[in-house]
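Coordinate analysis (summary)
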Amino acid sequence: MAKITGWTGKLLRVNLSTGSISTQDSMKYKDFIGGSGFGHKILFDEVPAGTKALDEANKLIIAVGPFTGTGVPSSGRTNIVSLSPTNPYHAATDSHMGGNFGPWMKFAGYDAIVIEGASKSPVWLRIEDDKVTIEDASGLWGKGTRDTSAEIAKIMGKEACVASIGQAGENLINLSSIVNSNSHSAGGHGAVLGSKKLKAIGIKGTKAVPIADGKAEDWLKLNDYFMKEIVGANNQHVVPSTPQPWAEYSDPGSRWTGQKDLFWGAAEPPVETGECPPGNTNWVGLRTQKGFFDLGPVAEERTIRMDGCHSCPIRCHSDMLVPELEKYGLSGYATSTCINYSSPLSIMIKGTADGDSKGMDAFITKCLGSRLADDYGIWSNYAQLGRDFKYVYEHGILKEKLPKEEYDSIPWDLLEKGDPAFLLEFYKRIALKQGEFYHVADGPYWLDKAWNLGKDYWAYKGNNIWSKMAFPKHHSNEAGSHVGTLIQIFKNRDANSHTHMNFIGAGLPIEVLKEVAGEVWGSPDALDKPNDYTPMNIYKAKFAKWSMDRNYLHDSITVCNYTWPMTVSPSKSRNYRGDTAIEAKFFSLATGIETTEAELDLAGERITTLARCETIKRMGTVNLRKEHDVIPDWVFDADPDKKAYTPGTVKLDRKDMETAITMLYKEYGWDEKTGAPTRATLERLGMKDVADQLESLKLLP
């Protein structure tokens with residue numbers, strides 16, 4: 001038997017109903033690479049149609065790919081697949097977390113952990129290499145994620161990594177998360193673990209993850225090439241945010257915020273981020289001063305350092321000194337990034353006391369809210385939680401639906417004054433499922449069901465809800481016109497795909513980006529100028545397909561889609577061209593299986609198509625074009641005084657968008673009438689068994 005490298009070759013199964021623990025050969029699923037691919041394959045094969053997210057029959061698959069644990073840059077991601085309680089059809093979603101859990105799982109010897117069944121009483125799972133036990137968690141039930149991690153670390157040692165749910169997951173709140181390493185959270189599946197009474201998984205391992213024999217020198221050369229010539233900053237922004245002597249271009253929207261006189265001000269001694277031109281590997285980690293980007297200029301003096309996931313050079317998590325948190329009973333520190341910082345401010349719908357959205361009050365609000373949300377294990381649903389709260393508060397629905405005693409007990413005066421202490425009540429009432437207030441965290445579809453919000457809610461300007469799948473937009477029509485829109489319609493939660501957005505937002509002039517688009521997708525017309533769109537063309541369909549396939553590929557190999565792919569680079573000497581084949585180069589060296597870019601893209605297409613089949617199985621309909629791939633009216637009705645495809649608007653045309661959908665179906669070889677994969681396509685991708693199961697369910701076109 002050939003030596004397995006990259007992968008561990010082993011999958012762990014834990015059945016909480018029977019208490020059985022077993023392992024199996026993970027290479028059975030090798031065609032699906034790992035991570036998301038493993039998850040969707042196991043779910044499709046083993047979870048019957050009609051199963052709901054919180055049913056005992058549902059399974060939760062935590063998986064990584066052959067990159068994780070090997071040291072590939074930005075490969076510390078962990079992918080989780082399960083049925084989703086927020087989705088109207090309980091369709092499957094992917095949730096993802098950074099931190100250390102995925103690499104630790106590989107070091108313990110597993111490519112995936114499959115959680116099956118449900119315990120009758122609270123338990124946690126203890127994994128130390130080959131020793132796996134189910135432990136009593138009655139003393140942990142009711143604790144937040146931080147205390148849970150600390151208690152398990154006392155038992156396993158501080159080198160253990162713990163992924164846990166907070167009180168929100170225990171109480172089956174739809175918008176709940178799984179959290180590891182304090183602030184790295186996977187949104188949407190916390191309640192699934194809660195339904196199984198699985199409080200946490202503690203894991204540590206002592207095993208290496210080998211790469212292919214004899215490839216160490218090639219590996220070091222490829223890593224050096226990546227670090228010196230290819231990688232940029234967070235979201236693969238490849239130009240600095242400020243003009244710098246070495247840089248031909250700059251863009252104030254870039255996350256490459258490192259610059260002279262900008263410091264990690266709370267470090268001892270303070271560290272200047274400075275200019276970080278390409279070519280020096282030691283400066284890559286200073287490019288992204290994310291505290292400054294996420295929290296505003298006041299954050300500079302509070303930044304202790306930039307933190308991040310295992311094996312990631314970008315460091316996008318900011319560790320902040322916030323002694324003001326002590327008055328709320330917390331330690332004086334916060335660590336997080338992106339939406340987890342901004343979401344709490346969206347809950348403070350009356351603003352902050354000082355009225356400055358980038359001032360010190362906003363800083364404290366963001367840090368306090370991120371700490372509370374992570375500890376309770378509450379998911380913001382890409383900030384939709386704040387928008388839903390705003391709607392039901394401002395439209396008088398809370399006052400109408402909550403019992404008077406409950407409504408009057410909520411400290412609305414704190415909200416009106418902009419006092420961040422309001423967040424203590426907000427998150428607590430949700431996580432502990434107190435009264436009826438927790439419904440604001442049901443997710444849009446179930447919130448509407450609970451309180452009968454009606455058409456006005458769905459059409460409310462600024463609510464950002466995407467169709468009846470009930471998730472918020474996430475880099476949609478405002479990001480690449482048809483491309484962002486097409487990516488949006490195929491998911492069962494917010495698209496969370498940065499493949500196209502990293503390219504569009506890289507910071508390079510549109511002329512350079514269009515040149516690159518022409519080289520990658522066949523024509524510069526694949527990319528429109530911002531707010532100056534053109535009608536659909538086949539190159540946009542190719543761009544959209546490539547973006548979705550790379551997204552699923554990244555979630556399967558596994559690398560961070562907030563950084564990959566490397567479509568462009570910061571190197572002027574390369575004429576800013578990236579290297580879209582670099583995933584295949586690392587894959588070949590990690591696994592020892594010589595693989596081309598085209599072959600790896602085919603694997604991405606296979607996983608995208610499998611996820612599509614999973615959705616068909618859960619929805620029980622073959623006609624996804626009518627029932628799933630729906631675009632909200634606001635995409636077409638925005639800017640009523642402007643016509644689509646005129647400068648200054650991102651609105652699209654209904655008929656043209658139907659053409660766009662048909663073009664994308666053709667690219668995939670899906671049935672144009674229904675949007676369902678055909679038997680011929682499934683067999684071309686090596687999924688005859690998937691076609692057979694769908695046919696048995698009468699779900700083949």
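Residues numbered from 1 in each chain as written. Predicted model: local features only at pLDDT ≥ 70, side-chain atom pairs only at ≥ 80, totals over all residues. Heavy atoms only, no water.

1. Topic: the sheet that holds strand β4 (residues 78-83)
Counted only if it meets this: At least two DSSP bridges between two strands are needed for those strands to be called paired. Each helix is a run of DSSP H or I of at least 4 residues and each strand a run of E of at least 2, with the numbering of both proceeding from the N terminus. To get an axis, fit a line to the C-alpha atoms, keeping to the stretch in contact for a helix; angles then go from 0 to 180 degrees between the N-to-C directions.
The six strands are arranged β2-β1-β6-β3-β4-β5 in an open sheet whose pairing can be described as mixed. A strand with exactly one partner marks an edge of an open sheet, and here the two such strands are β2 (21-25) and β5 (92-97). Direction aside, the axes of adjacent strands within the sheet are offset by 20 degrees on average. Where strand β1 (residues 10-15) lies against strand β6 (residues 112-116), five bridges are found, and the strand directions are parallel. By the bridge assignment, Leu-12 is partnered in β6 with Ile-113.

2. A word on the nonpolar core
Operational definition: Among buried residues, the Ala, Val, Leu, Ile, Met, Phe, Trp, Tyr and Cys ones that are joined through side-chain atoms within 4.5 Å form a nonpolar core. Each residue gets one of three labels from its accessible area relative to the maximum for its type: buried under 20%, exposed over 50%, partly exposed in between, using a 1.4 Å probe on protein chains only. Where each domain starts and ends follows an automatic or database-derived domain assignment. Contact criterion: two residues are considered in contact whenever any of their non-hydrogen atoms come within 4.5 Å of each other.
Phe-226, Leu-486, Phe-503, Ile-582, Phe-586 and Leu-694 are the most contacted members of the largest nonpolar core, which has 108 residues in total. Among the domains, domain 1 (10-204) and domain 3 (467-697) are the pair contributing at least three residues each to this core. Phe-503 has contacts with Leu-513, Val-516, Ala-517, Trp-521, Leu-527, Phe-543, Thr-567 and Val-568, leaving out every residue within four places of it along the chain. The next biggest cluster of nonpolar side chains, apart from the first, holds 52 residues, and it includes Ala-334, Tyr-427, Ala-431 and Trp-451.

3. Side note on unusual backbone geometry
The linkage connecting Glu-268 with the following residue, Pro-269, adopts the cis geometry, with an omega of -5 degrees. Here Pro-269 is to be found in the loop between β13 (263-264) and β14 (271-272). For the bond from Ile-557 to Thr-558, the omega torsion is -10 degrees, close enough to zero to count as cis. Along the chain, Thr-558 falls in the loop between α20 (538-557) and α21 (582-591). A positive phi angle, near 55 degrees, is found at Asn-381, a position not held by glycine. With phi around 70 degrees, Ala-470 is a residue other than glycine that occupies positive phi space.

4. Quick word on the pairing of strand β16 (residues 317-321)
Summarising burial for β16: four of the five residues are buried, a large majority. Both strand β15 (residues 303-307) and β16 contribute to a ladder of four bridges, which runs antiparallel. Paired with Arg-305 across the strands is Asp-319, a residue of β16. Looking at chain direction, β16 and strand β17 (residues 333-336) are connected through four bridges and run antiparallel. When the bridges of β17 are listed, Asp-319 appears paired with Thr-335.

5. Structural notes on the environment of Asn-182
Among the secondary structure elements, Asn-182 is positioned in the loop between β10 (177-180) and β11 (184-187). Once residues within four sequence positions are removed from consideration, Asn-182 is found in contact with Arg-146 and Asp-374.

6. Quick look at the domain arrangement of the protein
Basically, it comes down to this: Here's the idea: put two parts together, see how much 1.4 Å probe accessible area each one loses, and the total over both is what we call buried area. Salt bridges are defined as contacts in which a side-chain nitrogen from Lys or Arg sits within 4 Å of a carboxyl oxygen from Asp or Glu. For this scheme, ten residues count as nonpolar: Ala, Val, Leu, Ile, Met, Phe, Trp, Tyr, Cys and Pro. Four count as charged, namely Asp, Glu, Lys and Arg, and the remainder, Gly too, count as polar.
When cut into domains, the protein gives domain 1 (10-204), domain 2 (320-452) and domain 3 (467-697). Between domain 1 and domain 3, the C-alpha centre-to-centre distance is 28 Å. In this complex, domain 1 contributes 39 residues to the contact, which on the side of domain 3 involves 38 residues. Here domain 1 meets domain 3 over a buried area of about 3300 Å², counting both sides, of which 63% is carbon and sulfur. Looking only at domain 1, the three residues that lose the most surface to domain 3 are Phe-44, Phe-67 and Tyr-89, adding up to 25% of its buried area. Counting the contacts that link domain 1 with domain 3 gives one salt bridge. Among the ionic pairs, Asp-689 bridges to Lys-41, the shortest N-O distance being 2.5 Å. At the level of elements, α1 (35-46), β4 and β5 are the ones that each hand at least two residues to the side of domain 1 that touches domain 3. Of the residues forming the side of domain 1 that touches domain 3, the biggest block, eight residues, is contributed by α1. For the side of domain 1 that touches domain 3, the class distribution of residues is 17 nonpolar, 16 polar and six charged.

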